[in-house]
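Residue strings, one per chain:
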Amino acid sequence: EFWEGKGRDYEDRVERIALRKLLPEKGKRLLEIGAGFGRLTGEYEAFDQVVLVDYSFSQLRYAQEMYGTSGKYIYVAADAYHLPFRPGTFDAATMIRVIHHMSDVPRALGQVRKALVTNGVFVLEYANKRHAKALIRYAMGKQNWNPHTLEPVEFVELNFDYHPVYMRGALQKAGFQMKRSIPVSFFRMDAIKSRVSTDVLANLDGLLQMTGLHYTPSVFTRNVATGVSSNNLTTENLFVSPENGDELVREGDVLRCPRTGTRWAIREGIYDFKAPLDE
């Protein structure tokens, strides 16, 4: 409903342009956090396996209809604050149009770092607090919050904008080193999009992304996991308990934690970690 027929073809195009600039050429296993209905999943073809995570079970079913159940694509309904994956299971991860809905950024980033191997690549998109419209509105006295201060701003409930300096620091504290940052969506204004073709705007945006002018509503970053971490890229057993990190045993269409007895269901080929079966 958000993407189809809502005049967002331009945004979709320029986000793909930025993503292609930042993704590794290939890899073993990629974690897509906030995959939704699989809008961007097709961009990850170069990976041997892609694990799609979203809190919405129904969105994952749409993705499943598009990408199938061959084993290359794994579908997981889970909370991004409690990822159910063995440490060091992925050599890449993406989180696009997701973190602006999260009130606890350090916790979310920490979960991603735990899932990655050392030197794993994390492509993160965030909503920019210091975008041009906010700067102009603040200068004219039409906006109360200051786009120059570092703290996140919640402009509507559970919708946050982040200052680039704040996000760089949050990533560093979580165990990432930012290698590249790309401003995206220079022309995200209906007055422009209604008068200029999507092709022209997308091509111009792709060029402007190289300028480093971070005054756009969206910023894409490429980050590398630092420090020491596990390396379980070859494992076929991806999952651990999101509650305590224990190994899980599969029993038919159920994953069970032997120590606690907690069970999670596999429904229609989707691993459902939103809530244990006993709750």
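In this report, we go over the structure that sits alongside the text. A quick note: this is a predicted structure, and the numbers were derived from the prediction, not measured. (Residues numbered from 1 in each chain as written. Predicted model: local features only at pLDDT ≥ 70, side-chain atom pairs only at ≥ 80, totals over all residues. Heavy atoms only, no water.)

Scanning the chain from terminus to terminus reveals seven helices and 13 strands. For a compact globule of 279 residues, the expected C-alpha radius of gyration is about 19 Å, and the chain comes in at 19 Å, within 12% of that figure. Seen through its C-alpha atoms, the chain measures out along the principal axes to roughly 60 × 35 × 35 Å. Classification of the 279 residues of the chain by burial places 51% in the buried group. Expressed as a percentage of contacts within the chain between residues at least 6 apart in sequence, the contacts between residues at least 24 apart total 66%. (Helix = DSSP H or I, 4+ residues; strand = E, 2+ residues; numbered from the N terminus. Rg over C-alpha atoms; globule rule 2.2 N^0.38 Å. Buried < 20%, exposed > 50% of the residue type's maximum accessible area, 1.4 Å probe, protein only. Contact = heavy atoms within 4.5 Å.)

In this section: the packing of helix α3 (residues 105-115) against helix α5 (residues 164-174). Axis separation between α3 and α5 bottoms out at 9 Å; the angle between their running directions is 45°. The angle between α3 and α5 falls in the class oblique. The hand of the α3/α5 crossing is right-handed. Across the interface between the two elements, Val 105, Pro 106, Leu 109, Gly 110 and Arg 113 of α3 pack against Tyr 166, Met 167, Ala 170, Leu 171 and Ala 174 of α5. Residues that form the contact of α3 with α5 fall into these classes: eight nonpolar, one polar and one charged. (Axes fitted to C-alpha atoms, helices over the stretch in contact; angles between N-to-C directions. Parallel < 35°, antiparallel > 145°, perpendicular 65-115°, else oblique. Left-handed = near helix turned anticlockwise from the far one by under 90°. Nonpolar A, V, L, I, M, F, W, Y, C, P; charged D, E, K, R; others polar.)

We now examine the sheet that holds strand β3 (residues 73-77). The strands making up a sheet associate through backbone hydrogen bonding, with each pair oriented either parallel or antiparallel. Taken in spatial order, the 11 strands make up an open sheet running β8-β9-β5-β4-β1-β2-β3-β13-β12-β11-β10, and their pairing is mixed. Because the sheet does not close on itself, it has two edges, and the strands there are β8 (176-184) and β10 (249-251). Taken over all neighbouring pairs, the strand axes of this sheet differ in orientation by 20° on average, direction set aside. In terms of strand pairing, strand β1 (residues 27-33) meets strand β2 (residues 47-54) through six bridges, oriented parallel. From the neighbouring strand, Gly 27 faces β2, where its bridge partner is Phe 47. Running at roughly 170° to β3, helix α2 (residues 57-67) makes contact with β2, β3, β12 (263-267) and β13 (270-272) of the sheet. (Pairing = 2+ DSSP bridges.)

As a further point, take unusual backbone geometry. The phi torsion at Arg 97 lies on the positive side, around 55°, for a residue other than glycine. Mapping Arg 97 onto the fold places it in the loop between β4 (90-95) and α3. With phi around 75°, Ser 185 is a residue other than glycine that occupies positive phi space. Mapping Ser 185 onto the fold places it in the loop between β8 and α6 (190-193). Judged by its relative accessible area of 0%, Ser 185 falls in the buried class.

Overall, the coordinates contain 10 aromatic pairs when judged by the stated rule. Between Tyr 67 and Tyr 73 the ring centres are 5.1 Å apart and the planes differ by 40°, which places this aromatic pair in the tilted class. With relative accessibility at 6%, the residue Tyr 73 sits in the buried group. Each ring, one from Tyr 162 and one from Tyr 166, has its centre 5.9 Å from the other, and the planes form 10°; the classification is stacked. Joined through ring pairs, the aromatic side chains of Phe 85, Phe 90, Phe 239, Trp 264, Tyr 271 and Phe 273 make up one cluster. For Lys 72, the ring lying beneath its charged end belongs to Tyr 73, and the centroid distance is 5.8 Å. Across the ring face of Tyr 55, the terminal group of Lys 274 is positioned such that the distance to the ring centre comes to 4.5 Å. (Phe/Tyr/Trp six-rings, centres within 6.5 Å; stacked < 30°, edge-to-face > 60°. Lys NZ or Arg CZ within 6 Å of the ring centre and 35° of its normal.)

Turning next to the pattern of salt bridges. For the structure shown, the criterion picks out 16 salt bridges. Between Lys 129 and Glu 151 there is a salt bridge; the shortest N-O distance is 4.0 Å. Within this pair, whereas Lys 129 is found in the loop between β5 (116-127) and α4 (132-139), its partner Glu 151 is found in the loop between α4 and β6 (153-156), the two being separated by 22 residues in sequence. Because the salt bridges share partners, they merge into one network encompassing Asp 12, Glu 15, Arg 16, Arg 20, Arg 39, Glu 43 and Arg 97. (Salt bridge = Lys/Arg side-chain N within 4 Å of Asp/Glu carboxyl O.)

Attention shifts here to the packing of helix α1 (residues 9-22) against helix α7 (residues 198-208). The N-to-C vectors of α1 and α7 enclose an angle of 30°; their axes lie 9 Å apart at closest approach. One element, α1, and the other, α7, form an angle in the roughly parallel class. Relative to α7, α1 is oriented so that their crossing is right-handed. From α1, Asp 9, Tyr 10, Arg 13, Val 14, Ile 17 and Lys 21 reach across to α7, where they touch Thr 198, Asp 199, Leu 201, Ala 202, Asp 205 and Gly 206. Split into classes, the residues belonging to the contact of α1 with α7 amount to five nonpolar, two polar and five charged.

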